[in-house]
Structures are given as structure tokens and as C-alpha cells.
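Observations on the model geometry
Chain by chain, the residues run as shown.
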Amino acid sequence: MKTQVAIIGAGPSGLLLGQLLHRQGIDNVIVERRSGEYVLSRIRAGVLEQGMVDLLREAGVDQRMDQEGLPHDGFELVFDNRRVRVALDELTGGSNVMVYGQTEVTRDLMEAREAAGATTLYEADNVQPHDLESDHPYLTLEHNGETIKLECDYIAGCDGYHGVSRQAIPQERIKAFEKVYPFGWLGMLSDTPPVSDELIYSRHERGFSLCSMRSATRSRYYLQVPLDEKVEDWSDERFWEELKRRLPDEVAAKLVTGPSIEKSIAPLRSYVVEPMQHGRLFLVGDAAHIVPPTGAKGLNLAASDVNTLYRLMVKVYQEGRTDLIERYSQTCLKRIWKAERFSWWMTSMLHNFSDEDDFNSRMQLAELDYVTSSQAGLTTIAENYVGLPYEPLE
Ligand SMILES: Cc1cc2nc3c(=O)[nH]c(=O)nc-3n(C[C@H](O)[C@H](O)[C@H](O)COP(=O)(O)OP(=O)(O)OC[C@H]3O[C@@H](n4cnc5c(N)ncnc54)[C@H](O)[C@@H]3O)c2cc1C
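To start, this report covers the structure provided alongside it. Here the structure is a predicted model, which is why all the values come from computation and not from measurement. (Residues numbered from 1 in each chain as written. Predicted model: local features only at pLDDT ≥ 70, side-chain atom pairs only at ≥ 80, totals over all residues. Heavy atoms only, no water.)

**Digging into the sheet that holds strand E11 (residues 146-151)**
Ordered by their spatial adjacency, three strands build an open sheet running E9-E10-E11, and the pairing between neighbours is antiparallel. Because the sheet does not close on itself, it has two edges, and the strands there are strand E9 (125-130) and E11. On average, adjacent strands in this sheet sit at an angle of 15° to one another, irrespective of strand direction. In the sheet, strand E10 (residues 138-143) pairs with E11 via six bridges, with the strands oriented antiparallel. (Pairing = 2+ DSSP bridges. Helix = DSSP H or I, 4+ residues; strand = E, 2+ residues; numbered from the N terminus. Axes fitted to C-alpha atoms, helices over the stretch in contact; angles between N-to-C directions.)

What follows is the structure in C-alpha cells.
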């Protein structure tokens, strides 16, 4: 089997890259370890930056997003019994974000790929990249009981944090930067109307909480929990009671509760690997970096990597510019580190790190008071939240 670009992973990175390349006439094959249904069952991100929305439009998958997505012009920060609105559009000269679930983005991309007749090999086992430093890299994999060799020009490693791509790079050629936080987020999805039209990020002595949504009738709520917490110990009643305790009284009074559809705990970490390329293998999205979800950056960073790699590949195939693709990693990393900084900062300011650390607690309140009472502070939050501009290629 032969293609121009072999893509490992059918998460949002792999599917979006595949669709954009396909529309430019660049042949690609996606190989995915799981089934399509399994990929769609993962409940994850839901806030899209303007840059990602534009990229989805370019990929031709904007129809349902425009009908069902919820444009958001602001969000709320809650701390010390205060509620402060961050007016995204006013502070950034008209930018906003779109609330549209990662599951929906993935579904739209899968359907577009199927309609285009592009090849995706689901339930592919033992995917392994080879000869990365040669001009003829290839993948080996097992699919439907057959061993397949997939020859290509380039390999895009879009296989997430636990994938094989990063592991295929010799350890002495990469360096990882990591920070693990001493807590996780317990997320709950429910078919109940959201408590507010806008997201609410709340700092509380009992721990952080986030009121988010997927649609006008589907809510997504999160609670900061200790790392060793077990999801089975959280009945729906316990979750709702704890959420109410962490919200201002007038918000808690409006909370509509109901049975959960999904509950899961995600640990929080910051992680970046440098460089993001080795020979003809390019790491994209979570394969190269992770952010704590506090700044809503994970999925959006994956999209900005896709944007860079896609445009560089178009330069290769349409203009013969093989020099620019050598700069993939350095171009992506500039924006990645800024998003890592924002996510780390929001996490540091809004979570309870220790009940005993009163000094840290006062620092958090002073910082929140400062940034929310200063136009410059609010603008800093807003311009990072809507997404910094994509880096130029040259
Ligand atoms: C539990 C959870 C909650 C999250 N919540 C948020 C949030 O609220 N906000 C936010 O912004 N971000 C959130 N994120 C981050 C966001 O979902 C990711 O940044 C995004 O999914 C990255 O997309 P990706 O395509 O790069 O990686 P992934 O979505 O991880 O996709 C990688 C794909 O590669 C496949 N794969 C892995 N290994 C192999 C292999 N060996 N062979 C073939 N295929 C393979 C996987 O099955 C998967 O389909 C969350 C992430 C997690 C895990």
C-alpha cells in the first residue's frame, strides 16, 4: 500500500489534517488503533478558538458547527464571593470562541472523510513507523488479520500522548519537559440545561470547579478532586452537592440537576517534547504536548499544529519547498509554549494546591483581584483565551 502522507491516529488532529490535505489533492491514509465508535465515545474538549473554527471551515466541515455551535463572547471568573465577566469580544477587538464538542468535531470530520472516499484503517494493530531518517519511510501494521506495509513520503504522528510515534524517536534525540499537578478533574456530562449561558471558572477553598456546556440542553461540569479519587465513589447526588457548595449561592440556586450520561477523572499535567520532528516523522497535537484543561487549549493547540503541518505540506507538494518543513517544530513550539504558560497560569491561580498553604491562597486571591481589576490584566486573559495568532511559516 502506498500514499503520500501516512497519518497515525484518527483523533481530531489526524482527521483534520487528513481532510485538509485531501482537499488540496494530497493523498493520505489514516491508521487508527480503535474503532470509529470508540473514538466517538470519548468525551473531551468543547471550546474552539477562532483559528480552529476557521480551519474547520477550510476543511469544509462547518455546516453543523454553524447550526449547533454556540458562539461565546465572554466567560465568568468567580473567586472570593465575587463574579467577574471577561468580555472576550470587547477586550480583543471582536474575537470570541465557539462551544462545540470535540465529539461533534470528530463526527463531522469522520463523515466528511467517508464522503470523500479517503482511506481510514480502523482497529489497526501494532502500528510501527520505520526508516524515519530516509526519504522512504513506511509503517507496518496489522489489519483484519493481514500484515500491511504502508509506504509514504511523510508520517504524521497524530496518535496522542500514549501513541507509538513519539516512542519511535530515539530517546537521546528528544527532550521532555513535564509538570504533574497534585489533582485531577472529575467531569460529568448531563442532559440538563446549563446553569449559565457562559462558562463559569470558580476558585473555592474546597477546590476549583467549572460550569461548561455542550449545547443549550447538555451541560458539562467539572470538580477538582485529589489524584487518588475514584469515579465510582461519586454518585450523581454527591457530585451535584459538591458543585453547589463551590458556586456562589445565586448560581447554585439555579443549577438544574439530573442523571449523568458520563463521568470520568482526568489527571492534570503540562508536557512538551522538543523537537516535534525526527526525519520524516512529525508529531502533532497530544503526541507532542499536553496542557491542563483550565485554559481550554488542548484541542486548539492540536489544531494549530495541524494548521502548520498542513500548510508546510502544501508548500512541499505544490511549490517544491522542502526547506520550510524543516522548521515545523520551531514554528509550532513558539505558540505551544505560550499556550502552556497560559494553561499553567490559569491552573495555578484557580486550584487549591494545599489546605495548609495559606500564603499561596492569599497570593491567588491577590492575583485574581489584580488581573480582574486592571484592563491590561483582563485583556491578557481574553487574548490568550480566544487564542494567540497562528505563527507565520517564514
Ligand atoms: C479525558 C480528557 C479530557 C479532556 N478535556 C479537555 C477539555 O476540556 N478541553 C480541552 O481543550 N482539551 C481537553 N482535552 C484535551 C483534548 O481532548 C486533546 O488535546 C485532543 O484530543 C488532542 O487531539 P489529538 O488528535 O492530538 O489526540 P487524541 O484525541 O488523543 O487522538 C489520538 C488518536 O490516536 C489513536 N492512537 C493512539 N495510539 C495509536 C497507535 N499506536 N496506533 C494507531 N492509533 C493510535 C488513539 O486511539 C486516538 O484516536 C482532554 C483530554 C482528555 C484525555
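**A closer look at the pattern of salt bridges**
One pass over the structure, following the stated rule, counts 27 salt bridges. Put simply, Arg-83 and Glu-76 hold a salt bridge, and the shortest N to O gap is 2.7 Å. Glu-76 gets classed as buried once you look at its relative accessible area, which sits at 11%. Between Arg-85 and Glu-198 there is a salt bridge, with the nearest N and O atoms lying 2.7 Å from each other. Remark: Glu-198 occurs in the loop between strand E13 (175-190) and strand E14 (200-202) and Arg-85 occurs in strand E6 (residues 82-87); sequence separation between them is 113 residues. Overall, the relative accessible area of 40% leaves Arg-85 in the partly exposed class. The exposure class of Glu-198 is buried, given its relative accessible area of 16%. Taken together, the shared-partner salt bridges in this structure form one network comprising Arg-64, Glu-68, Glu-104, Arg-107 and Asp-108. (Salt bridge = Lys/Arg side-chain N within 4 Å of Asp/Glu carboxyl O. Buried < 20%, exposed > 50% of the residue type's maximum accessible area, 1.4 Å probe, protein only.)

**Some words on the packing of helix H1 (residues 12-23) against helix H6 (residues 102-116)**
Each pair of packed helices can be described by the angle between their axes along with the distance between the axes. Relative to each other, H1 and H6 sit at 35°, their axes nearing to 9 Å. Here H1 and H6 pass one another in a crossing that is left-handed. Counted together, Pro-12, Leu-15, Leu-16, Gly-18, Gln-19 and His-22 of H1 and Gln-102, Thr-106, Leu-109, Met-110, Ala-112, Arg-113 and Ala-116 of H6 form the full contact between these two elements. (Left-handed = near helix turned anticlockwise from the far one by under 90°. Contact = heavy atoms within 4.5 Å.)

**Some words on unusual backbone geometry**
The linkage connecting Glu-274 with the following residue, Pro-275, adopts the cis geometry, with an omega of -10°. Mapping Pro-275 onto the fold places it in the loop between strand E17 (260-274) and strand E18 (277-278). Unlike most non-glycine residues, Asn-81 shows phi in positive territory, near 60°. Relative to the helices and strands, Asn-81 resides in the loop between strand E5 (74-79) and E6. Accessibility expressed as a relative area gives 78% for Asn-81, which makes it exposed.

**A word on the sheet that holds strand E8 (residues 119-121)**
One open sheet holds the six strands; their spatial order is E8-E2-E1-E12-E19-E18, and the pairing between them is mixed. Each edge of the open sheet is held by one strand with a lone partner, namely E8 and E18. The pairing of strand E1 (residues 5-8) with strand E2 (residues 28-31) spans four bridges and is classified as parallel. Bridge pairing links Val-5 to Asn-28 in E2. Running over the sheet, H1 touches E1, E2 and strand E12 (154-157) and is turned about 165° from E2.

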